[in-house]
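# Chains, contacts and geometry: an overview
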Amino acid sequence: MLGTLNRLLWTLVRGVLRAVPTLVGVVVVSFLLMQAAPGDAADVMAGESGTSTVETMAILRARFGLDQPVLTQFVGFVANLAHFSLGRSPRWDVPVADLILARLPDTLLLMGSALGFAVVLGIGLGAVMASFVNRWPDRILSVVTLLFYSVPGFWTGLMAILIFSVGLGLLPSGGSQTIAAGLTGWDRVWDVAAHLVLPAAALSTFFVAVYARLTRAAMLEVQGQDYVRTATAKGLHPIVVATRHVLRNALVPVTTVAGLHVGSLLGGAMVIETVFSWPGLGRLAFEAVMKRDFSVLLGILVVSSVVVVVVDVLVDLLHAALDPRIEGHGHG
Amino acid sequence: MIDPTAAARRPPLFALEGLEVSFPGRPVVRGLDLSVAEGETVALVGESGCGKSTTALAAMRLLPRSGRIDAGRIAFEGRDLAVLSPAELRDLRGRRLAMIFQEPMTSLNPVLTIGRQIAEVLIRHEHLSRRAARARAIELLDLVRIAEPHRRIDDHPHRLSGGMRQRVMIAIAVACRPKLLFADEPTTALDVTIQAQVLDLLDRLRRDLGMALVLITHDLGVVAQYADRVVVMYAGHKVEEATTAELFARPLHPYTRGLLAAAPRLDTGLHHSEGRLAEIPGAPDGGVDHPGCAFAPRCPEVRADCRVTPPRPLAIGDRLVACPPAVASAPRANAMRGAHDAVG
Amino acid sequence: MAEHAGRAAAVPRGARLRLSPRLRRTLGRLAVNPTAWLGFAILGTVIGLAAFAPVLFPGDPLDMVAEPFVRPFVALAHPLGTDSLGRDVAAGIVHGARASLLVGFVAALVGTLVGTAIGAVAGYRGGLVDDLLVRLTELFQTIPSFIFLVVLVAIVPPKAVWVALAIGIVSWPTVARLVRAEFRSLRRRDFVLAARSVGHSASHIVLREILPNALPAIIVTGSVMVASAILLESALSFLGMGDPDVVSWGAMIGSGREQLRTAWYLTALPGAAIVVTVLALNLVGDALNDALNPRLEDR
């Protein structure tokens, strides 16, 4: 048991060490993108207000440090980051970090729900497909998953609104809770859950397909292994063989890929949030694009990359917990 | 080695009657009869591809999805395993019938501790609590001579050597004291030095637990040292069956003679590692286009009618040979008994 | 296919084109696969419609041609109806196929080329170069690609070509990882060692010996990349970040969305076009995968 803990600890250390250069890279890329952006926030604001004198522009630029040399701006950017600050948004006139942190929980809730739903349903469907390989449940589910794989999430969302909100009136079509309802306790949880169902389901369709196909392939691979025959020779029930022996091993590759998809899940959330007016990071990013506020946009890029890195480390841990052959220092 | 005549008198514990197994477009086992008495060690011998592993897998009903039992009875303790329901079958597997496989490196689940994998079968069949199963698992590890079982029990398979993994496989197989154990080339994948230890362990457990053992091997040295009786298979057919002593003293079927001739110095130093089957010209591809004997294309003593008439197994005393010409030229049963006495 | 490409140089020019046995087997497996036929048939139809869009629906599909909100299957002149601005939906969908396919294929091409180049160098050279390129790939895989794409598109001019380039830039890491893995395993194979011992240059070995053998995997990934590029493009234009001068399926959904309650077909029809096209590409990708990497039926 101590060995397991030790292994997990090593995996954690290794994951964090690997994350550092990646995060440095993300910061550099973000800064380069900021420099590449045509015109700055001062241009946009001045253009909108219509009172663009050279003086007011200069004042605006000085206020946001836009008049400094590139290297100085970069040092400032990094120094800010070191204090967990992402600078101040010219458009909202509040710290970027505050804007993002206010929206992050909603996005994580949406993402987590969608991921959980996709993992559970995807692994379940994949297990069924593998158990009935080349028979009709497998064939039908193969078509269904390929369809899920091909449908844009935002369109699924719109069609779901059409059916479940407009048509049947079962679920709310937007927002994350009933506004001004003043709900508390379980009523509030229930209310948020009702608002969550459609966006989470719409966001998860693609990933359900990914995990189902992957689980199917992994389980078929594992089913042919000698240790599965050993398990059958013990007289275990096929369901026990499928779960304890086959699925447990098949989960190792599935978790790896699940981790790889967290980034695309965040990207998908951006579109889904726009469809469902979900007050998360994605909507903020959309608003930032519309207002051409690159400091907010790049702040979101940095924060979402950090989310991906954190999830990567967690997936590594899960991976190590699932596969005892991973020793923590270098893949065994 | 128990007295073969005594073994023959006991009612068979396990019997295959006319077993036919095929994979798509390819028959693998053809009309095999085999009986195993309680506590007996029967060796199934033949070149790879002759259907000996398939026979054991079919008997356990563990054939891969594409394999089929086309005909035959698999009698065990008064029941026919070939028609048993999956639930009844599960109840027997791991409890009354067990099997160990050729590849210890891949036969254990890599993500579960060996303790868990041993305990699993005890919890399944003997309904032990987790704690009790763990205690029994430690005893079993000790029984199969794994040092420091208390520590080893929480190890995962990748930390164990091939020989140790095969010992764990044996521990799993004998955990519920089965009456019959199939050992499919149990030492082929192991170091020569480990092979004898594992086989001695199997033989000791067979004696102590009173199990019958079906030992599948291509190693004649192993056969000579551990088996009571030998069944020689060729291209899915049983070509010869005899007590070990009789077979080695006087092989009758040309194929058996070829096997023994290819294994040098068997009569001088019976060391199993040296008794490998060497070359008999040709390959047992099984694709014979005549109705006669499958071995005819490679047989040094082939006659014209061998290719025409399928060779029926004929009894000489208590042995069987599926080669009429060999039977015709064989000495009388009395002479054979004498040969047996001389060796045994 | 790969061997064929690899040996092509050895065939004298003008010699009759002969299919390598491997390519013939691949084509044979494709020919008996019904899903492959279905995928190719749908894809062919979509490509045909896109190619003949100016003939089928002359004029600018963004022009107002009739009164708004004509329902589908009512007016013969506008079989799929018109939108809130009186634009013909059928014309939009057929012209939209051009944008989607063009962006999809260009993006996949860019992504595949960049990814193959980086993956090939990393996998063949190994060592420090490999470490650095792997880090770079990891970095680009860490940044959520759609958000990265949105940032890129916000920076570059809103033209279809730029959108395609941007999609290619955010999607190369998948190819790079795959190609690196292929190259790492292939570079130790006998035929590569033989080529090296004969004294062939690194570029010859990479392009003529290893690349052709890695091609099947690259082709499969490429075909799936077209599908995901089309999905990315549709999401972008749905958010209103695509090329405003080009009609695209995503943009049609984006504007039709406002009338979801009253004229749902404005959302449903272009979405169905996306689904059908992407599904066809995925069917083709699956069929190519099965044909190029056949698994044994039985062990």
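Residues numbered from 1 in each chain as written. Chains lettered and ligands numbered in written order. Predicted model: local features only at pLDDT ≥ 70, side-chain atom pairs only at ≥ 80, totals over all residues.

## A few points about the overall build of chain C
Looking only at helices and strands, chain C features 12 helices and zero strands. Along its sequence from the N terminus, chain C presents helices and strands in the succession α-α-α-α-α-α-α-α-α-α-α-α. In chain C, which comprises 299 residues, the share counted as buried stands at 46%. Within chain C, counting contacts between residues at least 6 apart in sequence, those at least 24 apart form 70% of the total. (Helix = DSSP H or I, 4+ residues; strand = E, 2+ residues; numbered from the N terminus. Buried ≥ 20, exposed ≤ 12 C-beta atoms within 10 Å, placed from the backbone. Contact = placed C-beta atoms within 7 Å.)

## What to know about the overall build of chain A
From N to C terminus, chain A includes 13 helices and zero strands. Listing each helix as α and each strand as β along chain A from the N terminus yields α-α-α-α-α-α-α-α-α-α-α-α-α. Relative to its full complement of 332 residues, chain A shows a buried share of 43%. For chain A, contacts bridging at least 24 residues in sequence account for 72% of all contacts bridging at least 6.

## Brief notes about the packing of helix H10 (residues 202-238) of chain C against helix H11 (residues 249-256) of chain C
Residue and element names in this part refer to chain C. Put simply, H10 and H11 touch, their axes get as near as 7 Å, and they point 35 degrees apart. Handedness of the crossing formed by H10 with H11: right-handed. Taking contact as the criterion, the partners of Glu233, Ser234, Ala235, Leu236, Ser237 and Phe238 in H10 are, on H11, Trp249, Gly250, Ala251, Ile253 and Gly254. Residues of the contact of H10 with H11, tallied by class, amount to six nonpolar, four polar and one charged. (Axes fitted to C-alpha atoms, helices over the stretch in contact; angles between N-to-C directions. Left-handed = near helix turned anticlockwise from the far one by under 90°. Nonpolar A, V, L, I, M, F, W, Y, C, P; charged D, E, K, R; others polar.)

## Observations concerning the environment of Met105(B)
All names here are of chain B. Looking at where Met105 falls in the secondary structure, it is placed in the loop between strand E6 (97-100) and helix H4 (114-126). Along the sequence, Met105 and Ser161 sit 56 residues apart, while their C-alpha atoms lie 8.2 Å from each other. Not counting the four nearest positions on each side in its chain, Met105 is found in contact with Gly162, Arg165 and Ala189.

## Remarks on the UniProt feature "transmembrane region" (unreviewed entry) in chain A
Residues and elements named next belong to chain A. UniProt marks residues 12-34, 108-134, 146-172, 192-212, 250-276 and 296-315 with the feature "transmembrane region" (unreviewed entry), using the numbering shown here. A helix fraction of 89% and a strand fraction of 0% characterise residues 108-134, whose end C-alpha atoms lie 38 Å from each other. Here residues 146-172 runs as 74% helix and 0% strand, with 28 Å between its end C-alpha atoms. (UniProt positions renumbered as here; feature names shortened; annotations may be inferred.)

## Things to note about the sheet that holds strand E5 (residues 79-80) of chain B
Residue and element names in this part refer to chain B. Spatial ordering of the open sheet is given by E2-E1-E4-E5, a layout of four strands whose pairing is antiparallel. The strands lining the two open edges of the sheet, one partner per strand, are strand E2 (26-37) and E5. Sheet analysis places strand E1 (residues 12-23) next to E2, joined by eight bridges and oriented antiparallel. Each residue of the ladder has a partner; that of Ser22, found in E2, is Pro27. (Pairing = 2+ DSSP bridges.)

## Comments concerning the interface of chain A and chain C
It is common to give the size of an interface as the accessible area that goes away when the parts come together. Listed per partner, the contact involves 42 residues of chain A and 36 residues of chain C. Mapped onto the side of chain A that touches chain C, the elements with two or more residues apiece are helix H1 (2-36), helix H6 (136-150), helix H7 (153-167), helix H11 (262-275), helix H12 (281-290) and helix H13 (294-322) of chain A. Broken down by class, the residue content of the side of chain A that touches chain C amounts to 31 nonpolar, 11 polar and no charged.

## Overview of the sheet that holds E6(B)
All names here are of chain B. If you walk across this open sheet you meet the eight strands as E6-E7-E8-E3-E9-E10-E12-E11, and the pairing is mixed. What marks the edges here is a single partner per strand, and that holds for E6 and strand E11 (314-316). Across this sheet, the average inter-strand angle for adjacent strands is 20 degrees, counted without regard to direction. Pairing of strand E9 (residues 229-234) with strand E10 (residues 237-243), which is carried by six bridges, proceeds in the antiparallel orientation. Each residue of the ladder has a partner; that of Val232, found in E10, is Glu240. Across the sheet, helix H7 (residues 162-174) touches E6 and strand E7 (180-184), and the angle it forms with E6 is around 175 degrees.

## A look at the pairing of E6(B)
Residue and element names in this part refer to chain B. Of the two faces of E6, both are covered, the one formed by Leu97 and Met99 as well as the one formed by Ala98 and Ile100. In terms of strand pairing, E6 meets E7 through four bridges, oriented parallel. Its bridge partner being in E7, Ala98 is matched across the sheet by Leu181.

## Focus: the packing of helix H5 (residues 96-131) of chain A against helix H8 (residues 185-223) of chain A
All names here are of chain A. Contact geometry for H5 and H8: axes closest at 5 Å, N-to-C directions at 35 degrees. The two elements H5 and H8 meet at a crossing, and its hand is right-handed. The residue inventory of the contact of H5 with H8, partitioned by class, reads 24 nonpolar, six polar and two charged.

## Comments concerning H12(A)
Along H12(A), seven of the 10 residues are buried, which leaves the element largely enclosed by surrounding structure. Buried residues of H12(A): Leu281(A), Gly282(A), Arg283(A), Leu284(A), Ala285(A), Ala288(A) and Val289(A), and no others.

## Remarks on the nonpolar core
Membership of the largest hydrophobic core comes to 139 residues, with the highest contact counts inside it found for Leu297(A) and Ile300(A). Of the residues forming this core, the biggest block, 17 residues, is contributed by H8(A). Ignoring sequence-local partners within four residues, the contact set of Ile300(A) consists of Ile100(A), Leu281(A), Leu284(A), Ala285(A), Ala288(A) and Ile147(C). Among the nonpolar cores identified, the runner-up in size contains 104 residues, and Ala43(B), Ala133(B), Met169(B) and Ala212(B) belong to it. (Core = buried A, V, L, I, M, F, W, Y, C linked by C-beta atoms within 7 Å.)

## Re the confidence of the model for chain A
In regions of low pLDDT, the predicted coordinates are not meant to be interpreted in detail. Residues and elements named next belong to chain A. Averaged over every residue, the pLDDT of chain A is 80; residues scoring 70 or more account for 85%. Of all helices and strands in chain A, the one with the weakest mean pLDDT is helix H2 (residues 41-49) (56), whereas helix H9 (residues 226-233) scores best (91). Counted against residues more than four places away or in other chains, residues 328-332, with its pLDDT under 50, gives 11 contacts. (pLDDT = per-residue confidence, 0-100.)

## Structural notes on the interface of chain A and chain B
Contacts between the two partners involve 19 residues from chain A and, on the opposite side, 25 residues from chain B. Of the residues belonging to the side of chain A that touches chain B, the class tally is six nonpolar, seven polar and six charged.

## Some words on the environment of Thr217(B)
All names here are of chain B. Mapped onto the elements, Thr217 comes out in strand E8 (residues 212-217). Sequence separation between Thr217 and Ile69 is 148 residues; the distance between their C-alpha atoms is 22 Å. Beyond its immediate chain neighbours, meaning those up to four positions away, Thr217 contacts Ala43, Val45, Glu185, Val222 and Val223.

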